[in-house]
Amino acid sequence: MYKIGFQNFRKFIDFNPIEYRGITLLVGRNNSGKSTIVKALLLINEYFKSGDFSKFHFGDRSIENANIVTFGRAKNASSNVNSIKFFYQFDKFQIDIHLTGNIDNTYANVI
């Protein structure tokens, strides 16, 4: 079982975790958040592959197609909270990633 959820990421204040499996189709209107889910998965995957668990990068070359680049572009623009939270589950493991940072930085600090 795999699940992804997040808070204060892109246009979502609170995106409750959803389950996905082998082949998952994301269907919805334009600007409904389909790409945001994919971007979250790409970012989390790069975070795990980086081996540096103190920093979460938004502007890494390997994920430049995610087109986020800075913490400020990743964080929900209407929120007064200066953090982003990702919830990721695979099999029996649940990982919560809590980020904070400067809006102009290409990375965030992992708390």
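Since the model is a prediction, treat every value here as computed from it, not as a measurement.

Caption draft 1: View of the overall build of the protein. The number of helices and strands found in the protein is two helices and six strands. Element order for the protein, N to C, with α for helix and β for strand: β-β-α-β-α-β-β-β. Compactness check: the protein gives a C-alpha radius of gyration of 13 Å against a globular reference of 13 Å for 111 residues, within 12% of the reference. Overall, the C-alpha framework of the protein stretches about 35 × 30 × 25 Å when taken along its three principal axes. Looking at the protein residue by residue over its 111 residues, the buried ones come to 33%. Considering only intrachain contacts with a sequence separation of at least 6, the fraction spanning at least 24 residues in the protein is 54%.

Caption draft 2: Broad picture of the nonpolar core. In this structure, F6, F9, F58, F86 and L99 are the most contacted members of the largest nonpolar core, which totals 22 residues. The set of elements that each furnish at least two residues to this core consists of β1 (2–9), β2 (12–20), α1 (34–50), α2 (71–74), β4 (83–90) and β5 (93–100).

Caption draft 3: Broad picture of the sheet that holds strand β6 (residues 107–110). Across the sheet, which stays open at both edges, the six strands sit in the order β2-β1-β4-β5-β6-β3 with antiparallel pairing between neighbours. The sheet is open, and its two edges are formed by β2 and β3 (55–57), each paired on a single side. Along the sheet, successive strands turn relative to each other by an average axial angle of 20°, direction set aside. Pairing geometry for β1 and β2, over six bridges, is antiparallel. Bridge pairing in β2 links Q7 to D14. This element, α1, spans β1, β2, β3, β4, β5 and β6 of the sheet and lies at about 100° to β1.

So, how was this worked out
Residues numbered from 1 in each chain as written. Predicted model: local features only at pLDDT ≥ 70, side-chain atom pairs only at ≥ 80, totals over all residues. Heavy atoms only, no water. Helix = DSSP H or I, 4+ residues; strand = E, 2+ residues; numbered from the N terminus. Rg over C-alpha atoms; globule rule 2.2 N^0.38 Å. Buried < 20%, exposed > 50% of the residue type's maximum accessible area, 1.4 Å probe, protein only. Contact = heavy atoms within 4.5 Å. Core = buried A, V, L, I, M, F, W, Y, C linked by side-chain atoms within 4.5 Å. Pairing = 2+ DSSP bridges. Axes fitted to C-alpha atoms, helices over the stretch in contact; angles between N-to-C directions.

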